[in-house]
Amino acid sequence: MSLISLLLIFLESQRFLWPSCLILAITPANSDLANSDALQIEGNADPDGYRTIGVISKFDIMDRGTDARNLLLGKVIPLRLGYVGVVNRSQEITMRNEDICPSICIKDALAAEEKFFRGRPVYNGLADLFGASQLAKKLNHKIESPKLYGV
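Residues numbered from 1 in each chain as written. Predicted model: local features only at pLDDT ≥ 70, side-chain atom pairs only at ≥ 80, totals over all residues. Heavy atoms only, no water.

**What to know about the pattern of salt bridges**
This structure, assessed with the given rule, holds one salt bridge. The shortest N-O distance in the salt bridge between E114 and R118 comes to 2.8 Å. Placement of the pair is E114 and R118 together in helix α5 (residues 106-118), with a separation of four residues, close to one helical turn. (Salt bridge = Lys/Arg side-chain N within 4 Å of Asp/Glu carboxyl O. Helix = DSSP H or I, 4+ residues; strand = E, 2+ residues; numbered from the N terminus.)

Following this line, the structure appears as structure tokens:
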């Protein structure tokens, strides 16, 4: 039995035990969203879409001339709770086999992430759809919501 099959069995068994849990369907921006394992699993585990937030990662390693605007806007695969784009740690740091640079505090990393998106005109007007801080806000809003996910 594959790992995905086991995960689907687990998620299905938990749907009624934990109906208010959130699912983060994380997919890299440099891959084909239509074939994302995370979104395929999400479709089975949360068919009504009340619990899933899409997270598009790795914007910083997308090919030049490409963008993920339509992904963020939900035009490729719509999600009821939408998407948030994030930039992972520096590819340069990863290539050097180093951990996250200790001299860069979280505040600076969040500022660099914001600068990354604001420096790309294609993402103008989408400030509420990108950044780890926006993901945190979205998660907190959903967790604190009096009516969770249509349940």
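**Brief notes about the environment of L139**
Examined against the element boundaries, L139 turns out to sit in helix α6 (residues 132-144). Expressed as a C-alpha distance, the spacing of L139 and L22, which sit 117 residues apart in the sequence, is 8.3 Å. In this structure, L139 is in contact with L22, L24 and I53, ignoring residues within four places of it in sequence. (Contact = heavy atoms within 4.5 Å.)

**Focus on the nonpolar core**
The biggest cluster of nonpolar side chains holds 19 residues, and the ones touching the most others in it are I56, F59, A68, L72, Y83, F117 and Y123. Elements supplying a minimum of two residues to this core: α3 (69-72) and α5. Residue contacts for I56: discarding those within four places in its chain leaves T27, P28, A29, L33, L71, Y83, V84, G85 and V86. Grouped together as the second largest cluster of nonpolar side chains are seven residues, I53, V55, V84 and L139 included. (Core = buried A, V, L, I, M, F, W, Y, C linked by side-chain atoms within 4.5 Å. Buried < 20%, exposed > 50% of the residue type's maximum accessible area, 1.4 Å probe, protein only.)

**Some words on the pairing of strand β1 (residues 23-28)**
Here β1 shows a clear split, with I23, A25 and T27 buried on one side and none of L24, I26 and P28 buried on the other. Where β1 and strand β2 (residues 52-57) come together, six bridges link them in parallel fashion. Residue pairing in the sheet places T27 in a bridge with I56 of β2. Tracing the backbone out of β1, into helix α2 (residues 37-45) and back to the parallel element β2 gives a crossover that is right-handed. (Pairing = 2+ DSSP bridges. Right-handed = clockwise from strand over helix to strand, strands pointing away.)

**Here's the deal with α6**
Helix length check: α6 (13 residues) gives 18 Å between terminal C-alpha atoms against 18 Å at 1.5 Å per residue, within 8%. All of the buried residues in α6 are Q134, L135, L139 and K142. Buried residues in α6, looked at end-on, bunch into an arc of 135°, giving them a common side. Facing away from the buried side of α6 by over 90 degrees, the exposed positions are K137, H141 and E144. (Expected span 1.5 Å × (residues − 1). Arc of directions from axis to C-beta.)

**Description of unusual backbone geometry**
Even without being a glycine, K58 presents a positive backbone phi close to 60°. Looking at the element boundaries, K58 is found in the loop between β2 and α3.

**Some details on the pairing of β2**
Judged by how many residues are buried, β2 sits mostly within the fold: six of six residues are covered. Alternating residues of β2 divide into T52, G54 and I56 and I53, V55 and S57, and every residue in both groups is buried.

**Quick word on the confidence of the model for the protein**
Confidence in the prediction for the protein averages 78 pLDDT; 77% of positions are at 70 or higher. Mean pLDDT values for the elements of the protein range from 47 in helix α4 (residues 91-95) up to 94 in strand β3 (residues 83-85). Counting contacts from residues 92-98, a segment whose pLDDT is below 50, to residues more than four positions away or on other chains yields five contacts. (pLDDT = per-residue confidence, 0-100.)

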